[in-house]
Amino acid sequence: MLKIYNTLSKQKEEFKPINPPNVNMYVCGPTVYDYFHIGNARSFISSDIIRRYLEYMGYKVKFVMNLTDVDDKIIKKSNEEKIDSKIIAEKYINAFFEDVEKLKMKKADIYPKATEHMDDIIEMIKELEQKGFAYNVDGNVFYDVGKFKEYGKLSGKKIDELESGSRVEVNVEKKNPLDFALWKKAKEGEPYWESPWGNGRPGWHIECSAMSCKHLGVPPNGGIDIHAGGNDLIFPHHENEIAQSEAANGKKFVNYWIHFGFLNLDNEKMSKSLGNFFTARDVLKKYSAEAIRLLFAQTNYGGPLNFSDELLSSAEKGLEKINNLAQKIEDEIKTNSKESINPDFDFQKYENEFTRVMDDDFNTPQGVAVIFDFVKEVNRTISENENINVKFYKNAKSFLEKTAEGILGILDFDNLSKTSDGKLEGDLIEFLIQLRTDAKKEKNYTLADKIRSELNKLGVVLEDSKEKTTYKITRTKNQAAN
RNA sequence: GGCGCUGUAGCCAAGUGGUUUAAGGCGAAGGUCUGCAAAACCUUUAUUCGUCGGUUCGAAUCCGACCGGCGCCUCCA
């Protein structure tokens, strides 16, 4: 039984989809004015793992991630660089997809863009206006927070306390300082769309309400089971989404709210505005996607994670342990023709344990621990038994495929170091290994060691076992890290 | 000021009333194997969970106080 910590109730709740086996999931995507940073990546990857686990459980997940392609920041950048805002958005949308792929994230079913949903957005604002939740002041339309009784239920904030806070911006047009823009009147030189209130563009919060409602529907026929995003979106963004959607639709907006902790740098939130960030693509130049994902999976998604090179390096080291076994398994499956023993090994036990811990609010740190336990136990079995048949290796592969590869995305059987190389390269290495084996037979260790060390310099590591010598290519990313 | 998160070994981190005198990873030390390495395996590395009290037969886990770190309340994953 899966339990999810729900920000709304501040406790773990049993997960019950609205229309099983379907699960509708909406994740707040990027505003495409720049490359996303590794802190953003944490949210994306965490939601990717959640999605993959739900699919593993047998749910049919419809996964929607929005792309905010009209926004103050994009306009600002457009003005600074004297480039059309459309071009800016397009550039970073492409970059976003490149990075998502490199991070081994499954693609969303739909990536709705704000600019392609103007009709839906305008419809929703009209609806809010008709129902008395919105008011128009000279072409700017605001949401009347005072009209929505449950305002603050997600973030635990109270309207009167917020009002007394001096940090809320003062805007004379608003009835209440907490009221937020649904529609912003166009200023000179800004992109705009036509609307019943004049030319303008949508406020930030309305696009998510309109697009999630459009693509995932409203109960009982549709609806959002899970809505996820970073902690900083709880207020005001998600609070406002609830206010808009529930006022317009008259139905509960989202059943489970999931929020991700921040990635910190020297104990300080990584953010664009503070300037203390690394873009995901820069981190990927130095470390593998699997290492990044492992690092994230080793901490609960909701808490903070202090990001550093040291942690990423140790994740990369830990990954080697899994990759070494995966490589061994692949080699055995290809070449093993032994008829002999199939050792006692309870594969099911590990899978049961894995799902047991993941069922507890996606406890990936414990899931990772189960995988490492498994790797150790398989290695031990291999070292204690002389003749293990191929069935054992196939079972081991199956477990790793489901968990490490399929759910956590920290392993990629199709892309293990050796298999990714060209045929000629592999043949040449095999030839050198043969040469070295001959040298060893003649006890010419000087030559044998020279072959090994020279190959090592090229990133090819030789490993002698009793029967044969195997090799692996160390990842170039590892070398860059050293 | 309000709301929320957080303080566990050299580092990262799970666990949130008894199965735990605390998972897992990195690091360190010793050993097995090996011509030597590497990999792998074995052993060791927190009698202790920010501090002080309390509740309980029993607490890292519940309650209170205190100390420290972070975040949101304004765009932000």
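The residue numbers shown here count from 1 along each chain, following its written sequence. A letter from A marks each chain and a number from 1 marks each ligand, given out in the order of writing. The predicted origin of the model limits local features to residues at a pLDDT of at least 70 and limits the giving and counting of side-chain atom pairs to 80 or more, whereas totals for whole chains, interfaces and linings rest on all residues. Hydrogens and waters are ignored; side-chain quantities use all the structure's heavy atoms.

### Some words on the packing of helix α4 (residues 118-130) against helix α6 (residues 204-216)
Phase 1 of the analysis: Between N-to-C directions, angles cover 0 to 180 degrees, with each direction set by a line fitted to C-alpha atoms, over the stretch in contact for helices. Secondary structure elements follow DSSP: runs of H or I of four or more residues count as helices, runs of E of two or more count as strands, with numbering from the N terminus. Two elements in contact, α4 and α6, have axes separated by 9 Å at closest approach and are oriented at 105 degrees. Considering the angle they form, α4 stands roughly perpendicular to α6. For the pair formed by α4 and α6, the contact residues are Asp120, Ile121, Met124, Ile125 and Leu128 on the first element and Ile206, Glu207, Ser209, Ala210, Cys213 and Lys214 on the second.
Phase 2 of the analysis: Along the lines of polarity and charge, the residues of the contact of α4 with α6 split into 7 nonpolar, 1 polar and 3 charged. Should an angle fall under 35 degrees it is taken as roughly parallel, and over 145 as roughly antiparallel, whereas 65 to 115 is taken as roughly perpendicular and any remaining angle as oblique. Every residue pair with non-hydrogen atoms within 4.5 Å of one another is taken to be in contact. Each residue receives one of three labels: charged for Asp, Glu, Lys and Arg, nonpolar for Ala, Val, Leu, Ile, Met, Phe, Trp, Tyr, Cys and Pro, and polar for the others, Gly being one of them.

### Considering the packing of helix α11 (residues 347-358) against helix α12 (residues 364-384)
Phase 1 of the analysis: Where α11 meets α12, the closest approach of the two axes is 8 Å, and the angle between their N-to-C directions is 165 degrees. Classified by the angle their axes make, α11 and α12 are roughly antiparallel. Seen from above, α11 lies across α12 with right-handed handedness. The segment α11 lies against α12, with Phe347, Tyr350, Glu353, Phe354, Val357 and Met358 engaging Thr364, Gln366, Gly367, Val370, Ile371, Asp373, Phe374 and Glu377.
Phase 2 of the analysis: Class assignment of the residues belonging to the contact of α11 with α12 gives a composition of 8 nonpolar, 3 polar and 3 charged. Take the far helix as the reference: if the near one is turned anticlockwise from it by less than a right angle, the crossing is left-handed, and if turned clockwise, right-handed.

### Focus: the nonpolar core
The nonpolar side chains of a soluble globular protein tend to be buried with one another.
Phase 1 of the analysis: Counting 89 residues, the largest nonpolar core has Ile38, Leu54 and Leu400 as its most contacted members.
Phase 2 of the analysis: Three or more residues apiece are contributed to this core by two domains, here domain 1 (3-286) and domain 2 (315-414).
Phase 3 of the analysis: Those residues within four positions of Leu400 in sequence are excluded, and the remaining contacts are Leu325, Ile329, Ile371, Phe374, Glu405, Leu411 and Phe413.
Phase 4 of the analysis: Put simply, a nonpolar core is a bunch of buried Ala, Val, Leu, Ile, Met, Phe, Trp, Tyr and Cys residues held in one set by side-chain atoms that sit within 4.5 Å of each other. Residue exposure (1.4 Å probe, protein chains only): buried if accessible area is under 20% of the type maximum, exposed if over 50%, otherwise partly exposed. In this structure, Ile125, Cys208, Ala210 and Phe253 belong to the second largest nonpolar core, which totals 40 residues. Note that the domain bounds were set by an automatic or database domain assignment.

### Let's talk about empty space enclosed by the protein
Phase 1 of the analysis: Using a 1 Å grid laid over the protein atoms alone, points where a 1.4 Å probe fits but cannot get out form a cavity; open sets with protein on both sides within 12 Å along at least 5 of 7 lines form a pocket; any residue with an atom within 4 Å of a point counts as lining. Grid points are joined across faces, edges and corners, and a volume is the space filled by probe spheres set on the points. In total, this model carries 3 cavities of 30 Å³ or more according to the counting rule given.
Phase 2 of the analysis: As a volume, the largest cavity reaches approximately 100 Å³.
Phase 3 of the analysis: Taken together, Arg42, Ile45, Ser46, Ile49, Ile50, Phe296, Ala297, Thr299, Tyr301, Phe362 and Thr364 form the lining of the largest cavity.
Phase 4 of the analysis: Going through the elements one at a time, α1 (38-56) and α9 (289-297) are the ones with two or more residues in the lining of the largest cavity.
Phase 5 of the analysis: If one sorts the elements of the lining of the largest cavity by residue count, α1 sits on top with 5 residues.
Phase 6 of the analysis: Residues that form the lining of the largest cavity fall into these classes: 7 nonpolar, 3 polar and 1 charged.
Phase 7 of the analysis: By volume, the second largest cavity amounts to about 60 Å³.
Phase 8 of the analysis: Forming the walls of the second largest cavity are Cys213, Gly217, Val218, Pro219, Gly223, Ile224, Ser245, Asn249, Lys251, Lys252 and Phe253.
Phase 9 of the analysis: Each residue belonging to the lining of the second largest cavity can be placed in one class, and the counts come to 5 nonpolar, 4 polar and 2 charged.

### A word on the sheet that holds strand β13 (residues 305-306)
Phase 1 of the analysis: Strand order across the open sheet formed by 3 strands is β12-β11-β13, with mixed pairing between neighbours. Edge positions in the sheet fall to β12 (268-269) and β13, since each has one partner strand and no second.
Phase 2 of the analysis: For two strands to be treated as a pair, DSSP must find no fewer than two bridges joining them. Here strand β11 (residues 263-265) pairs with β12 via 2 bridges, running antiparallel. When the bridges of β12 are listed, Asn264 appears paired with Lys269.

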